[in-house]
Amino acid sequence: MGIEDFGGGLNPQSDVLVVTTNDVPGFRVTRVIGEVFGLTVRSRHLGSQIGAGLKSMIGGELKGLTKTLVETRNQAMERLIEQARARGANAVLMFRFDVTEALDGAAEVCAYGTAVVIEQQQQ
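All of the points below concern the structure found in this document. (Residues numbered from 1 in each chain as written. Predicted model: local features only at pLDDT ≥ 70, side-chain atom pairs only at ≥ 80, totals over all residues. Heavy atoms only, no water.)

1. Describing a nonpolar patch on the surface
Let me state the cut-off plainly: Each patch is built from residues lacking any salt bridge and having more than 30% relative accessible area; the joining distance is 9 Å for like charges and 5 Å for nonpolar side chains (Val, Leu, Ile, Met, Phe, Trp, Tyr). Using a 1.4 Å probe, accessible areas were evaluated by the Shrake-Rupley method; residue-level cover was limited to the displayed protein chains. Throughout this description, the term salt bridge denotes a Lys or Arg side-chain nitrogen within 4 Å of a carboxyl oxygen of Asp or Glu. Relative accessibility decides the category of a residue: with a 1.4 Å probe and only protein chains considered, values under 20% of the type maximum give buried, values over 50% give exposed, and everything between is partly exposed.
A contiguous nonpolar surface patch, about 250 Å² in accessible area, is contributed by Phe37, Leu39 and Tyr112. Using a relative accessible area of 35% as the deciding quantity, one classes Leu39 as partly exposed.

See the structure below:
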């Protein structure tokens, strides 16, 4: 597995900019739409739970679980972008993730931020 299997983030061709900052240099917010979020809950399959249990006895990274969490975060982020787009936003500011245990062996991942409309400032 390469590093690309464990990374996440925005598709560079996306029409909705997602940033963790309060603003975007060179742009101004023309409209605040409000909070948007994307949510997903995933459980591990039996094979990964057994493998994780064995690996946890000897130590080391649980690569299968890491990859599953990256996929889950990416799905939550895509849902956030879809919601922002549907509400007329072209950007999401103050983007964050929240991860909690929903059930035994299941993780709830919520991607959230503030949907806005931004436009490039004239120089």
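2. Topic: the sheet that holds strand β2 (residues 27–43)
Counted only if it meets this: Between any two strands, at least two bridges found by DSSP are needed for them to pair. Secondary structure follows DSSP: runs of H or I at least 4 residues long count as helices, runs of E at least 2 residues long count as strands, and numbering of each begins at the N terminus. Contacts are assigned to residue pairs that have any heavy atoms within 4.5 Å of one another. Lines fitted to C-alpha atoms define the axes here, with helix axes fitted over just the stretch in contact, and angles between the N-to-C directions of these axes take values from 0 to 180 degrees.
What the four strands build is an open sheet, ordered β1-β3-β4-β2; its pairing is mixed. Edge positions in the sheet fall to β1 (17–18) and β2, since each has one partner strand and no second. Pairing of β2 with strand β4 (residues 106–120), which is carried by 15 bridges, proceeds in the antiparallel orientation. If you follow Arg42 over to β4, its bridge partner there is Ala107. Relative to the sheet, helix α2 (residues 63–86) contacts β1, β2, β3 (91–103) and β4, its axis offset from that of β2 by approximately 140 degrees.

3. Section: α2
So the rule is basically this: Each residue after the first adds 1.5 Å to the expected span of a helix.
Look at α2: 35 Å from first C-alpha to last across 24 residues, which is about the 34 Å you get at 1.5 Å a residue. Looking at α2, one finds that the buried residues are Leu65, Val70, Thr72, Ala76, Met77, Leu80, Ile81 and Ala84. One or two positions beyond α2, positive phi appears at Gly88, with a value near 95 degrees.

4. Quick word on the pattern of salt bridges
Tallied over the entire structure, the rule returns two salt bridges. In this structure, Glu119 engages Arg28 in a salt bridge whose closest nitrogen and oxygen atoms are separated by 2.7 Å. Linking Glu119 in strand β4 with Arg28 in strand β2, this pair joins segments that are 91 residues apart in sequence.

5. A word on unusual backbone geometry
Non-glycine residue Met94 carries a positive phi angle of around 55 degrees. In this structure, Met94 sits in strand β3.

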